[in-house]
Amino acid sequence: MTTDATPQDSGRPARPPAAPGATGGGGEGGRGSVTFVGAGPGAADLLTLRGAAAIGRADVVIWASSLVHPGVLDHARADARIVDSAAVPLEEVVALYEEAARDGLDVARVHSGDPALWGAVQEQLDRCAALGLATEIVPGVSSFTAVAAAVGRELTVPEVAQSVVLTRLEGGKTPMPEGETVRGFAAHGATMALFLSAARSAQLQQELLAGGYPPETPCVVGYRVTWEDELVLRCRLDELAATVRAHRLWKHTLVLVGPALDAEGKRSHLYHPGHFHGHRRPDPVARRALRSGGAS
Ligand SMILES: C[S@@+](CC[C@H](N)C(=O)[O-])C[C@H]1O[C@@H](n2cnc3c(N)ncnc32)[C@H](O)[C@@H]1O
C-alpha cells in the first residue's frame with residue numbers, strides 16, 4: 001500500500017518556476033519528468049543544492065523513509081504530494097510514473113546516498129523511458145565517502161592505495177556476477193568499501209583475509225553515518241566480525257578496509273613545486289629533485 005502523507009510544515013516553499021534546463025513537463029499536461037535525487041548518506045544538509053531544487057520543483061516527491069532523512073522534505077512544495085516508498089513494490093511506484101506521464105507531472109524520486117550505487121534506479125529509468133518521461137539523475141554524497149570523512153581519511157593515499165573497490169559480499173538476495181568476489185578484489189590490496197555485507201561479518205572477514213589482506217589491515221565500520229545515532233568504529237581486519245557482532249550491526253552499515261586507512265600521507269606529485277601542468281610552471285630545482293627522488 002502506498003503511504004501518502006503531506007507534511008504539515010506550512011513554512012515549505014510554494015511552487016517555484018522550473019529551473020533553466022530542467023527536464024519535464026511542469027504539471028501542465030505535458031509528458032512529465034522524473035528526477036532521481038541522491039539524498040546523501042543521512043544528514044539532511046548533505047543534500048546537494050541541485051537535489052534540493054529538484055525536490056522544490058516536484059509535484060510528487062517519492063522518498064524511502066527507512067533510508068532518507070525526513071529533513072530533505074523541507075525542500076518540498078507545500079502542495080506537493082509526498083509518497084513514502086519504504087513499504088511499496090516497484091509496481092506502485094511505476095503507477096505514479098504512469099500518472100506523471102499522463103498528467104505531465106514532475107516527480108522527484110529521492111534515493112539514499114548516490115542513486116548510481118545500489119539504488120535500483122536502472123529498472124526505474126527503463127520504465128520511465130518506456131513511458132516517455134524525461135529523466136535526470138542528480139548525484140548525491142555516497143555513504144562510502146561519508147564514512148571516510150567521519151574518520152578523516154583519504155582513501156587514495158599516494159603510493160599506498162590508488163584504487164577503491166566498491167562491492168558487496170556474495171551470497172545475499174541478489175546474486176553476484178561470476179568473477180566478482182570479495183576474495184578476488186581483496187587480492188589487489190587496494191581500499192575496499194563493502195556495502196550490504198555487515199549481516200555476514202564472519203564470512204566477510206574470512207573472504208578479505210583469504211584474498212590476501214594481512215590480519216592487521218585497518219578497517220572502519222560505519223553505522224548510519226551522519227545520522228543522529230551514527231556509530232563509527234575502527235578495528236583490525238582480524239577483529240572485524242567480533243566488532244560488528246559486539247555492536248549488533250547488520251544493516252545501514254558500511255565497512256572500509258585497506259592500508260590507506262592508517263597509512264602516513266605521502267606527498268602527491270600534483271602539488272609539488274617541481275610538477276607542472278597547464279596552470280603552473282615548475283620550479284627548476286624542485287623539478288630536478290622530483291625527477292631524481294620522487295615527491296618529498
Ligand atoms: C541499498 S545500499 C544504498 C547505497 C547508497 N546508494 C550510497 O551511495 O551510499 C544500502 C547500503 O549502503 C550503506 N549505507 C547507506 N547509508 C549508510 C550510512 N549512512 N552509514 C553507513 N552505511 C550506509 C550500507 O552498506 C547499506 O547496507
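Please refer to the structure placed before this passage.
Residues numbered from 1 in each chain as written. Predicted model: local features only at pLDDT ≥ 70, side-chain atom pairs only at ≥ 80, totals over all residues.

Student: Quick rundown of helix α4 (residues 143-150)? Include the residues and the values.
Tutor: Turning to α4, its buried residues number three or more, namely Ser143, Phe144, Ala146, Val147 and Ala148. Along its buried surface, α4 packs onto β7 (164-168), β8 (191-195), β9 (218-223) and β11 (253-257). Looking at the residues trailing α4, positive phi occurs at glycine 152, about 65°. (Buried ≥ 20, exposed ≤ 12 C-beta atoms within 10 Å, placed from the backbone. Helix = DSSP H or I, 4+ residues; strand = E, 2+ residues; numbered from the N terminus. Contact = placed C-beta atoms within 7 Å.)

Student: Before we move on, can you summarise the pairing of strand β5 (residues 106-111) with the specific residues and values?
Tutor: In regular strands, side chains alternate between the two faces of the sheet. The buried fraction of β5 is high, at six of six residues. Along β5, one buried face is formed by Asp106, Ala108 and Val110 and the opposite face, lined by Val107, Arg109 and His111, is buried too. Pairing of strand β2 (residues 33-38) with β5 involves six bridges; the strand directions are parallel. Note that in β5 the partner of glycine 38 across the bridge is histidine 111. One ladder, built from four bridges, connects strand β3 (residues 60-63) with β5; its direction is parallel. (Pairing = 2+ DSSP bridges.)

Student: Explain the sheet that holds β8 to me, using residue names and the numbers behind them.
Tutor: Sheet strands associate in pairs through backbone hydrogen bonding, adopting either a parallel or an antiparallel arrangement. One open sheet accounts for five strands, arranged β7-β8-β11-β9-β10; its pairing is mixed. The outermost strands of the open sheet, each flanked by one partner alone, are β7 and β10 (231-236). Neighbour-to-neighbour, the strand axes of this sheet turn through a mean angle of 20°, independent of strand direction. Sheet strands in contact with α4 are β7, β8, β9, β10 and β11, and its direction is about 65° off that of β11. (Axes fitted to C-alpha atoms, helices over the stretch in contact; angles between N-to-C directions.)

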